[in-house]
Amino acid sequence: MKTIIEPFKIKSVEQIRFTTEEERKKIIEDAGFNPFLIHAEDVLIDLLTDSGTSAMSSDQWAGIMRGDESYAGAKSFYTFENAVRKITGDKFIIPTHQGRAAEKIIFSILGGPGKHFASNTFFDTTRANVEFSGSEAHDFLCEIGKHPEQRAPFKGDMDIEALDAFIKKYGKENIPLVVLTVTNNSGGGQPVSMKNIREVKEVCKKYGIPLFLDACRFAENAYFIKLREEGYSKKSVLEIVQEMFSYADGSTMSAKKDALVNIGGWLSLNDDELAMKCRNLLIVTEGFTTYGGLAGRDLEAIAQGLEEVVDEHYLQYRIRSTEYLGEKLINAGVPIIEPPGGHAIYIDAKRFLPHIKPEEYPGQSIVCELYVEGGIRAVEIGSVMFGKYDNNGKLIPSIMELVRLAIPRRVYTQSHVDYVAEVVIEVFKNRDKLKGYKIIYEAPMLRHFTAKFKPV
Ligand code: F0G
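K.L.:
How would you summarise the overall build of the protein if you had to cite specific residues and measurements?
P.N.:
Broken down by element type, the protein carries 16 helices and 16 strands. Taking 2.2 N^0.38 as the reference for a compact globule, 456 residues should give roughly 23 Å; the C-alpha atoms of the protein span a radius of gyration of 22 Å, in line with that estimate. Across its three principal directions, the C-alpha atoms of the protein cover 60 × 55 × 45 Å. The buried share of the protein, taken over its 456 residues, is 58%. For the protein, the exposed area adds up to about 19800 Å²; of that, 53% sits on carbon and sulfur atoms.

Structure, rendered in structure tokens:
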């Protein structure tokens, strides 16, 4: 097979600013060894997130000019509504400014003290919105999904038996919703199979509980189904997407991922009474029902992005470029979550730096070194992000110590990816010299964003 090429030409470019290793040593030190506190222009390749970092197409930019900025009933809203309905099939399409705004609305209405929600794995903001309402969030990831070094096609699947047992334990009347996150971001960007979506739906149906998709990376998930699940290789991605959504009663979406835009989201659903409550809350917190915190031009860009994201040349390039980076790292012996996920490579910091204990944050050490070595910005997803303290102030580490290299959509070329692999491999070769870190400042909540560190 010939090389899989970027399925686009570049019309507009953004200059990258080069820095020297000496400069980067000072920059990371001044930032308290926390890459969140570095100015973006000091970063050479930014793999902090795939959220809101997509390059838009010329057709999306044309949509930006077409945007109808009428307060109510804008033409752009109906274009958006049709595009979202084409994939979700849902009756009510409610625009929001990003994913967490949709989450806030649905969980404020369905949640509250004494309620329980289940997912394969809740993403942090989704969990935070469940907990903020006073409810509890429970994860039921399948067993294989918990083993970074073991390969399986659908490591994002939910554990069906555990879900059933959970519903029996807490009572269906206390469980307003089950959420499937596709792909499973916190679990390594791993896909959920159609079989699993169907089975989760069956359990939900048995107890009369609605099922929602946290649909951020729905197209990447669908493409994995096409590649890996029996009976889907000949179906179009759009057909697979439509089948995935057909089992769900609604969705929350961050358009900043698989709608290929820099801002936006939605809440979609079918229940008339619930939709009315959601729209009323939307008007209080986001905006009127036909713009929901967005400009008309944003709605146009999302509608166009949804057409482009299900294009199979795009998805082949997208999934292959992540896999390509993963393969280069695996071949050099770098431990990562296998197989590579859709939107990111997750380095297993525990196996990368066995000499640094969780209390000294091995993931943070890798993140700092990637920046110094090659100007790459990544994010620690381990004990800095998820660690808690016991009553004696001792760290309760996270189960996994990971570093995420998230790939922005349509932004970097193959030589950028080659460069990233070279830098990671260089850091891996010098791993014995890496040292741990201690935290010298931290906020009481979501400490990873603002914490400051010192090498030990
Ligand atoms: N759900 C999932 C699975 C996500 O990955 C995100 C965001 C959200 C919900 C929230 O969407 O940011 O538009 O409010 N993930 C980003 C990331 C921030 O870097 O993984 P949002």
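K.L.:
Give me the packing of helix H7 (residues 194-207) against helix H9 (residues 237-246): which residues, what numbers.
P.N.:
The contact between H7 and H9 brings their axes to 9 Å, and the two run at 20°. Looking at the two axes, H7 sits roughly parallel to H9. At the point where H7 passes H9, the crossing takes the left-handed sense. Touching Met 194, Ile 197 and Arg 198 of H7 are Ile 240, Glu 243 and Met 244, all from H9.

K.L.:
Can you tell me about the domain arrangement of the protein, naming the residues and giving the values?
P.N.:
When cut into domains, the protein gives domain 1 (21-50 + 312-455) and domain 2 (59-308). Taking the mean C-alpha position of each, domain 1 and domain 2 sit 27 Å from one another. Contacts between domain 1 and domain 2 engage 25 residues on the former and 28 residues on the latter. Taking both sides of the interface into account, the surface hidden between domain 1 and domain 2 amounts to around 2300 Å²; carbon and sulfur atoms contribute 54%. Counting across the interface, domain 1 meets domain 2 through 7 salt bridges.

K.L.:
Can you tell me about the sheet that holds strand E9 (residues 344-348), naming the residues and giving the values?
P.N.:
Spatially, E9-E14-E11 is the arrangement adopted by the 3 strands of the open sheet, whose pairing is antiparallel. In the strand order of this sheet, the two ends are held by E9 and strand E11 (379-381), each with one partner. When strand polarity is set aside, the average angle formed by the axes of neighbouring strands in this sheet is 30°. Along the sheet, helix H12 (residues 312-331) makes contact with E9 and strand E14 (402-406), crossing E9 at roughly 25°. Each of E9, E11 and E14 is contacted by helix H14 (residues 362-374), which is oriented at about 40° to E14, the strand it contacts most.

K.L.:
I'd love a proper account of the pattern of salt bridges, names of residues and values included.
P.N.:
Counted by the stated rule, this structure contains 32 salt bridges. For the salt bridge of Glu 220 with Arg 318, the shortest nitrogen-to-oxygen distance reads 2.8 Å. Here Glu 220 is found in helix H8 (residues 218-228), whereas its partner Arg 318 is found in helix H12, with 98 residues between them in sequence. Among the residues examined, Glu 220 registers a relative accessible area of 0% and is labelled buried. Using a relative accessible area of 2% as the deciding quantity, one classes Arg 318 as buried. For Arg 409, the salt bridge identified is with Asp 258, shortest N-O distance 3.1 Å. With a gap of 151 residues between them, Arg 409 in the loop between E14 and helix H16 (414-429) and Asp 258 in the loop between strand E7 (250-254) and strand E8 (265-269) connect regions that are remote in the sequence. For the residue pair Arg 409 and Asp 258, the accessibility class agrees, reading buried in each case.

K.L.:
Help me get a handle on the nonpolar core, residues and values and all.
P.N.:
By size, the foremost hydrophobic cluster in this structure holds 62 residues, and its most contacted members are Leu 163, Val 178, Phe 218, Met 244 and Leu 306. The residues that make up this core include at least three from each of domain 1 (21-50 + 312-455) and domain 2 (59-308). Among the nonpolar cores identified, the runner-up in size contains 32 residues, and Ile 347, Val 367, Leu 405 and Ile 425 belong to it.

K.L.:
Explain the sheet that holds strand E5 (residues 177-181) to me, and be specific about the residues and the numbers.
P.N.:
The mixed open sheet is built from 7 strands, whose spatial order is E2-E8-E7-E6-E5-E3-E4. Because the sheet does not close on itself, it has two edges, and the strands there are strand E2 (92-96) and strand E4 (136-139). Direction aside, neighbouring strands of the sheet carry axes that sit 20° apart on average. When E7 meets E8, the two strands line up antiparallel, connected through 5 bridges. Considered in E8, the bridge of Thr 252 is made with Leu 267. Along the sheet face, helix H4 (residues 99-110) touches E2, strand E3 (116-119), E5, strand E6 (211-214), E7 and E8 and points at about 145° away from the line of E7. Helix-sheet contacts for helix H5 (residues 124-132) involve E3, E4 and E6, and the interaxial angle to E4 is about 140°.

K.L.:
Which residues make up the site of the ligand, and what values do they have?
P.N.:
Residues in close proximity to the ligand total 17 residues, the closest being Thr 49, Arg 100, Ser 254, Lys 257 and Arg 404. In the model, an oxygen atom of the ligand is placed 2.7 Å from a nitrogen or oxygen of the Thr 49 side chain. Asn 185 has a polar side-chain atom sitting 2.8 Å from an oxygen atom of the ligand. Looking at the shell around the ligand, the element that brings in the most residues is H4, giving 3 residues. Of the residues belonging to the shell around the ligand, the class tally is 2 nonpolar, 8 polar and 7 charged.

K.L.:
Any details on unusual backbone geometry? Residues and values, ideally.
P.N.:
If a residue is not glycine, its phi is most likely negative; likewise, a peptide bond is most likely trans. Cis geometry marks the peptide bond from Val 182 to Thr 183, where omega comes out at -20°. Of note, Thr 183 is situated in the loop between E5 and H7. Across the junction of Glu 338 and Pro 339, the peptide omega takes the value -10°, indicating a cis bond. Mapped onto the elements, Pro 339 comes out in the loop between H12 and E9. Of note, Tyr 361 is a non-glycine position whose phi angle comes to about 50°, a positive value. Mapping Tyr 361 onto the fold places it in the loop between helix H13 (349-352) and H14. The backbone of Arg 410 shows a phi angle near 65°, a positive value even though the residue is not glycine. Among the structural elements, Arg 410 can be located in the loop between E14 and H16.

Reading the values: rules and limits
- Residues numbered from 1 in each chain as written.
- Predicted model: local features only at pLDDT ≥ 70, side-chain atom pairs only at ≥ 80, totals over all residues.
- Heavy atoms only, no water.
- Helix = DSSP H or I, 4+ residues; strand = E, 2+ residues; numbered from the N terminus.
- Rg over C-alpha atoms; globule rule 2.2 N^0.38 Å.
- Buried < 20%, exposed > 50% of the residue type's maximum accessible area, 1.4 Å probe, protein only.
- Areas by Shrake-Rupley, 256 points an atom, 1.4 Å probe, with all protein chains shown as cover.
- Axes fitted to C-alpha atoms, helices over the stretch in contact; angles between N-to-C directions.
- Parallel < 35°, antiparallel > 145°, perpendicular 65-115°, else oblique.
- Left-handed = near helix turned anticlockwise from the far one by under 90°.
- Contact = heavy atoms within 4.5 Å.
- Domains from an automatic or database assignment.
- Buried area = accessible area lost by both parts, 1.4 Å probe.
- Salt bridge = Lys/Arg side-chain N within 4 Å of Asp/Glu carboxyl O.
- Pairing = 2+ DSSP bridges.
- Core = buried A, V, L, I, M, F, W, Y, C linked by side-chain atoms within 4.5 Å.
- Near = heavy atom within 4 Å.
- Polar contact = N/O pair within 3.5 Å; in protein donor to acceptor, adjacent residues only side chain to side chain.
- Nonpolar A, V, L, I, M, F, W, Y, C, P; charged D, E, K, R; others polar.

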